[in-house]
Amino acid sequence: MKFITCAAAALLSVMTVSGAEKTTVINVKPVKGDATVTLQKAIDRAAKMKGRAVEIKLAPGVYNISRTKATPRLYFVSNTTTVQENPDNTKHVGLLMRGISNLTIDGGGAKIITHGEMTPWAIDSCSNVTLRNFTIDAADPSVPEMTVTAQDMTSMTARVHPRSKYEIRDGKLYWQGEGWEFTDGIAQIYSPTDSTTLRTDSPIEFSQSVEEIEPGLVKFTFKRKMPDVTGMTYQMRHSFRTEVAGLICNSSDVTLESLNLQFMGNFGIVAQMSNNVTYRKLRCAPDAESGRTCTGFADFLQVSGCGGHVAIEDCYFAGSHDDPINVHGTHLRIVGHEGANKLKVRFMHGQTRGFRAFFAGDSVAIVDSRSLQRRNIAVLKDARLISDFEMELTLDRDVPAELLKLKDAVVENITWSPSVNISRCYFTLTPTRGILITTWRPVVIEDCTFFRCPMSSVLIADDARSWYESGPAHNVVIKDNRFIDCVSPVILVAPEASVNDGPVHENISIRNNTFENTGRFKPSNPSAEIRARLVKNLEVKGNTVIAPSRGATLKVNTESCSPVTIE
C-alpha cells in the first residue's frame, strides 16, 4: 500500500460541549494516506479523560488503516484457530480501545478501508462504548471472487473480480493481498439465479493447469469433470481465522449501531466474556456498486460466554461463509482434581483456548457430557488460568465422589449466559444456518425473515463432545417470523446427548410463524418441518404454511419431548 504521509497531530481538534454532563468532542479529519496512527491518537486522547464522556467525531471521507501500522496485541479468541494453524495469537488491531469508559465514536458516514489481514477494532476492558455511523471495507478482501464465463467437460474460463489479485506460478493460481497469499482453500458458489450461496469444490485444487488468457481472465484445465456453474461466482478463501472483524472482550454496555460492514475478514465480530451488548441496524453486505457477492469470511456475529442481555435489532445479514449469528458458552472438561473442591479443567476444541472462561464468584454446573444433565451447582471461590489450555477452579463446596468419577464430565459457566432478543433481522446468502443459539436465559427471536437457508434456519444445540458449546435452553420464544424457501427441518432443537437421562431443553414456544414455499426454488418441498428432541414443554402454535400446491403442512417431529402442544 502506497501512502502519502502527513502530520497527524494537526488533524485532531478538541472542543467541550456544555450540558448537564460535559462531553468532550474530538474531531478527526481524513488524512492522505494511512490514518491508523491518527485515529489511534484520538482514542488515546479519549482514554486520558479518565471516564468523562468523550465523543470522537470523524469528518466525512475515507480513512485507510493498515496491518503494518496497527497495534499488535495478544488475544485468544473463541472459535478461531488451533495452535497448529496459528501458534501466535497476536492480533493486529487498527483501533484499540482499552480501559476506556463513556466513549462514542461517530463516523458521520465515513468509510474505513483496511489493508492487509487485520482486526479493524477492539474494545477491551471498557464500559459504555458506542460505535456508530461508519462503513468498513477492505482494499484487499481475503475472500477473492471470480465469475465463470464459459465451461465445457474439461475446462472453465472465469473473470476475476477487479479487487481480487492473483499470480500464476508453475500452472497454479495463487490469490494475493497485502501480506497474504493462498492457493486451493475453501470454495463457495454464488448463484444469481437462485440467490443462494453453497459450499463447493475448489476449482484450483482440482485443476491440472491454469493460464491467463488476458489480464483478469483465466482458464482452468481440470483433472476431472466439474459441475457446470456458468454464470455463477466462486468465493474462495483459506481456512485460518487469524484475525477477527471486531473484538469485544471483558467489557460492558457496548453498542454497535448503524454500521455498514461491507467486508469482514478472517472471522466475524466476536463478543467474548462481556456484559450487555447491543447490535442495532448493522448492514452486513457488499458494497452494491462493487460487484462483489461475499461479505464475510466466516460467521458475522459470534457471542461467546457473554452475560447480561444481548440485543440484535434491525440488522441485514447477507453473504457469510458460516452462521450469521452464533450465541453460546464453552464447556471445559474436568481433567483432574485436588481434593473434592479443586478442579483442573481444559478447553477441548482446538479453536478455543487461552481466555478466562471463569471468574471468582461465578456459578457453575458440573455436566454429564453424555446426557448433558447438570449434576451439581456451585460457586467459584477462585478461578485461575494456568496455561493456554487449562484453568484451575476452586469451588465453595465439595463435589460428590460419584461426579468426579464421571467420564468426560464438563463444567458450564451459568453466570456468563445472556438473555437474547433477535428482532426484525433479515438473513440471506448463507451456506449454513441463520441463528445458532444456546443459552439458558430467556431468548426471543421475532419478526425476522430467513431466505433460502440451506440448513436449519434456527438451531438450538448444546454439546460437550464436539464443539463444546454450552448450554441448555430454558425459555425460548420463536414468533412472528417468516421462513421463505428454507430447508427442513426449518427449526431444529438437537442437543448432542448420546444418552437419554431426561430433557435437556425446556419451555420452547414456536408460534405465529409463516413457512413459505414460493415454488420458484428447486428442490422444492411444499411442507415444512420442525424437529425437536429432549425438550420439556414444547409448544407449536398458530403457525402458517404457504405454498402454491395443495397439501402443504407443518410437520412436527419429536423425540423424547413432553408435554408437547401442537395447535
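Note that the structure is a prediction, hence the values are computed from the model and not measured.

Some points on the overall build of the protein chain
Along the protein chain, the regular secondary structure elements total two helices and 51 strands. Here the C-alpha radius of gyration of the protein chain, 25 Å, is about what a compact globule of 567 residues would show, namely 24 Å. When burial is assessed residue by residue, the protein chain has 57% of its 567 residues classed as buried. At a minimum sequence separation of 6, the contacts of the protein chain that also span at least 24 residues come to 73%. Split by element, the accessible area of the protein chain, about 22,200 Å² in all, is 47% carbon and sulfur.

Considerations on the side chain of Thr255
By the element assignment, Thr255 lies in strand E21 (residues 252-261). Setting aside anything within four residues of it in sequence, one finds Thr255 in contact with Val129, Thr130, Leu131, Thr278 and Arg280.

Let's talk about the pattern of salt bridges
One pass over the structure, following the stated rule, counts 35 salt bridges. Between Arg384 and Asp382 there is a salt bridge, with the nearest N and O atoms lying 4.0 Å from each other. With a closest N to O distance of 2.8 Å, Asp396 and Arg397 form a salt bridge. A relative accessible area of 35% means that Asp396 is categorised as partly exposed. Three or more residues joined by partner-sharing salt bridges are found here, namely Lys111, Asp137, Arg163 and Asp287.

Some details on the sheet that holds strand E12 (residues 165-169)
Strand order in the open sheet formed by three strands is E12-E13-E14, with antiparallel pairing between adjacent strands. Edge positions in the sheet fall to E12 and strand E14 (180-182), since each of these pairs with one other strand and no more. Strand after strand, the sheet turns through a mean of 30° between neighbouring axes, direction not considered. Here strand E13 (residues 172-177) pairs with E14 via three bridges, running antiparallel. Counted as the bridge partner of Trp175 is Phe182 from E14.

Focus on the side chain of Asn266
Mapped onto the secondary structure, Asn266 falls in the loop between E21 and strand E22 (269-272). On the basis of relative accessibility, which here comes to 1%, the residue Asn266 falls in the buried class. Here the side chain of Asn266 touches Phe240 through a polar contact of 3.1 Å, landing on its backbone oxygen. One polar contact links Asn266 to Thr242, side chain to side chain, over a distance of 3.4 Å.

Observations concerning the confidence of the model for the protein chain
Scored by pLDDT, the protein chain has a mean of 95; 96% of the residues are at 70 or more. Here residues 4-10 is a poorly scored stretch, pLDDT under 50, and it has eight contacts once near neighbours within four places are set aside; other chains count.

Details of the sheet that holds strand E19 (residues 233-237)
Pairing in this open sheet of seven strands is antiparallel, and the strands run E16-E15-E19-E10-E11-E18-E17 from one edge to the other. The open sheet has two edge strands with one neighbour each: strand E16 (196-200) and strand E17 (207-214). Between one strand axis and the next, the sheet turns through 30° on average, direction left out of account. The pairing of strand E10 (residues 145-151) with strand E11 (residues 155-160) spans five bridges and is antiparallel. What sits directly across from Gln151, in E11, is Met156.

Some remarks on the packing of aromatic side chains
Using the criterion set out here, one finds eleven aromatic pairs in the structure. Centre to centre, the rings of Phe347 and Phe355 are 5.2 Å apart; their planes meet at 55°, and the pair counts as tilted. For the ring pair Phe450 and Phe483, a centre distance of 4.8 Å and an interplane angle of 10° mean the geometry is stacked. On the criterion of sequence distance, the pair formed by Phe450 in strand E39 (residues 449-451) and Phe483 in strand E43 (residues 482-484) is long-range, its members being 33 residues apart.

Some points on unusual backbone geometry
In this structure, the amide linkage connecting Ser488 to the following residue, Pro489, adopts the cis form with an omega of 0°. On the secondary structure map, Pro489 appears in the loop between E43 and strand E44 (491-493). For the bond from Ser562 to Pro563, the omega torsion is -10°, close enough to zero to count as cis. Summarising the element assignment, Pro563 is placed in the loop between strand E50 (554-559) and strand E51 (564-566). For Asn250, which is not glycine, the phi torsion reads 50° and is therefore positive. Inspection of the secondary structure assignment puts Asn250 in the loop between strand E20 (246-249) and E21. Judged by relative accessible area, Asn250 falls into the partly exposed class, the value being 42%. Located in the positive-phi region is Ser258, a residue other than glycine, with phi close to 55°.

Points about the environment of Asn421
Here Asn421 shows up in strand E35 (residues 419-423). Between the C-alpha atoms of Asn421 and Thr193, which are 228 residues apart in sequence, the distance is 33 Å. Once residues within four sequence positions are removed from consideration, Asn421 is found in contact with His309, Val310, Ala311, Ile312, Val444 and Glu446. Among the polar contacts made by the side chain of Asn421, one reaches the side chain of Glu446 at a distance of 3.4 Å.

The rules behind the values
Residues numbered from 1 in each chain as written. Predicted model: local features only at pLDDT ≥ 70, side-chain atom pairs only at ≥ 80, totals over all residues. Heavy atoms only, no water. Helix = DSSP H or I, 4+ residues; strand = E, 2+ residues; numbered from the N terminus. Rg over C-alpha atoms; globule rule 2.2 N^0.38 Å. Buried < 20%, exposed > 50% of the residue type's maximum accessible area, 1.4 Å probe, protein only. Contact = heavy atoms within 4.5 Å. Areas by Shrake-Rupley, 256 points an atom, 1.4 Å probe, with all protein chains shown as cover. Salt bridge = Lys/Arg side-chain N within 4 Å of Asp/Glu carboxyl O. Pairing = 2+ DSSP bridges. Axes fitted to C-alpha atoms, helices over the stretch in contact; angles between N-to-C directions. Polar contact = N/O pair within 3.5 Å; in protein donor to acceptor, adjacent residues only side chain to side chain. pLDDT = per-residue confidence, 0-100. Phe/Tyr/Trp six-rings, centres within 6.5 Å; stacked < 30°, edge-to-face > 60°.

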